[in-house]
Amino acid sequence: MRNYGKILDTALHIKEKYNDGWELSKGVYLKGYKIMPMNIYDEKRHCSLMSIAKIFQYFRDSGFNKIKYDDEKIFYTTLKIAKRRLFYTSLIGTQPFFIDNITNLLWKYFGYEAMAKNIIFFNGKKSFADYIIERLDCGCPLILSMFFGTYSRHTINIIGYKLYNRGEESKLYLNVDDNWSYREKYIDTSNFFTIKSPIFEICDPLYRIR
């Protein structure tokens, strides 16, 4: 499954690819999240750091008032922490399995007893969809790293979803900030957890807080 992303119109996409009869049953978008491209900063291969920084911008604007930095300072603080622990280099960027480590260091830096966690879905598509929907319904964005296809070797943020139904069938589209533009886009998850699935990792940036 190579072209699962960069979808702008989910209603048009589902009709063209899966025919008629689909109805939007539920949708969520995280209001207050700011979409920005990663090229506003001059670093290289910094998609993961950009995703983490924008998550903390969102939390700041959602009431985490210990985070007093502006957008730029949040990004460069993320960069500094990642570089110091060798979780980021301009040559290779950040390996996805370090994303929760960097996020946890930022929580500590800002004075919160919170924990991020990389999530592996052993039970397939249903557990994945259920988790995504539950977390976004609670107002928590998620960090998604893809290893091939539309977003090959790239990290993006999940900031909403649209769930379509047709009888017993369902299709989940993820609303994403892909770090490449100021415009929200969607991912079709239909072939996730199949032989055509892109390999990916999810980081829940607010898995637990005290």
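**Structural notes on the nonpolar core**
General note: in soluble globular proteins, nonpolar side chains tend to be found buried as a group. Counting residues in hydrophobic clusters, the biggest one holds 63 residues, and the most contacted among them are F59, L144, I158, L174, I187 and I202. Top contributing element to this core by residue count: helix 2 (residues 47-61), with nine residues. Dropping the residues within four chain positions of it, I202 is found in contact with K117, N118, I119, F121, F128, I132, L142, I143, L144 and I158. In this structure, I7, I14, Y18 and W22 belong to the second largest nonpolar core, which totals seven residues.

**Here we look at the pairing of strand 6 (residues 185-188)**
Of the two faces of strand 6, the one lined by K185 and I187 and the one lined by Y186 and D188 are each fully buried. Two elements, strand 5 (residues 169-177) and strand 6, share four bridges in a ladder whose sense is antiparallel. Its bridge partner being in strand 6, L174 is matched across the sheet by I187.

**What to know about the packing of aromatic side chains**
Scanning the entire structure with this criterion turns up 22 aromatic pairs. An aromatic cluster is present here, built from Y33, F56, Y58, F59, F64, Y69, W107, Y109, F110 and Y112 joined pairwise through their rings. Note that K66 overlies the ring of Y112, its terminal NZ or CZ placed 5.0 Å from the centroid. It is K73 that lies over the ring of Y69; its NZ or CZ is 4.2 Å from the centre.

**Here we look at helix 2**
In a regular helix each residue adds 1.5 Å, so 15 residues correspond to 21 Å; helix 2 covers 21 Å between its end C-alpha atoms and thus fits that length. Among the residues trailing helix 2, G63 stands out with phi positive, at a value near 115 degrees.

**Quick word on the state of the cysteines**
Per the counting criterion, the structure on display carries zero disulfides. Not engaged in a disulfide, the cysteine C47 finds its nearest cysteine sulfur in C203; these two sulfurs lie 13 Å apart. No disulfide involves C140; its sulfur sits 8.2 Å from the nearest other cysteine sulfur, which is in C138. Overall, C140 belongs to the buried group, its relative accessible area being 3%.

**Quick look at the pattern of salt bridges**
Under the defined criterion, the tally for this structure stands at 10 salt bridges. Here K26 and D137 are joined by a salt bridge, their closest N and O atoms 2.7 Å apart. Highlighted residues: K26 in strand 1 (residues 23-29) and D137 in helix 5 (residues 125-137), separated in sequence by 111 residues. Overall, D137 belongs to the partly exposed group, its relative accessible area being 38%. R60 is the salt-bridge partner of D61, the closest N and O atoms lying 2.9 Å from each other. Salt bridges here are not isolated pairs; linked through shared partners, they connect K34, R60, D61 and D71.

Scoring rules and cut-offs
- Residues numbered from 1 in each chain as written.
- Predicted model: local features only at pLDDT ≥ 70, side-chain atom pairs only at ≥ 80, totals over all residues.
- Heavy atoms only, no water.
- Core = buried A, V, L, I, M, F, W, Y, C linked by side-chain atoms within 4.5 Å.
- Buried < 20%, exposed > 50% of the residue type's maximum accessible area, 1.4 Å probe, protein only.
- Helix = DSSP H or I, 4+ residues; strand = E, 2+ residues; numbered from the N terminus.
- Contact = heavy atoms within 4.5 Å.
- Pairing = 2+ DSSP bridges.
- Phe/Tyr/Trp six-rings, centres within 6.5 Å; stacked < 30°, edge-to-face > 60°.
- Lys NZ or Arg CZ within 6 Å of the ring centre and 35° of its normal.
- Expected span 1.5 Å × (residues − 1).
- Disulfide = S-S within 2.5 Å.
- Salt bridge = Lys/Arg side-chain N within 4 Å of Asp/Glu carboxyl O.

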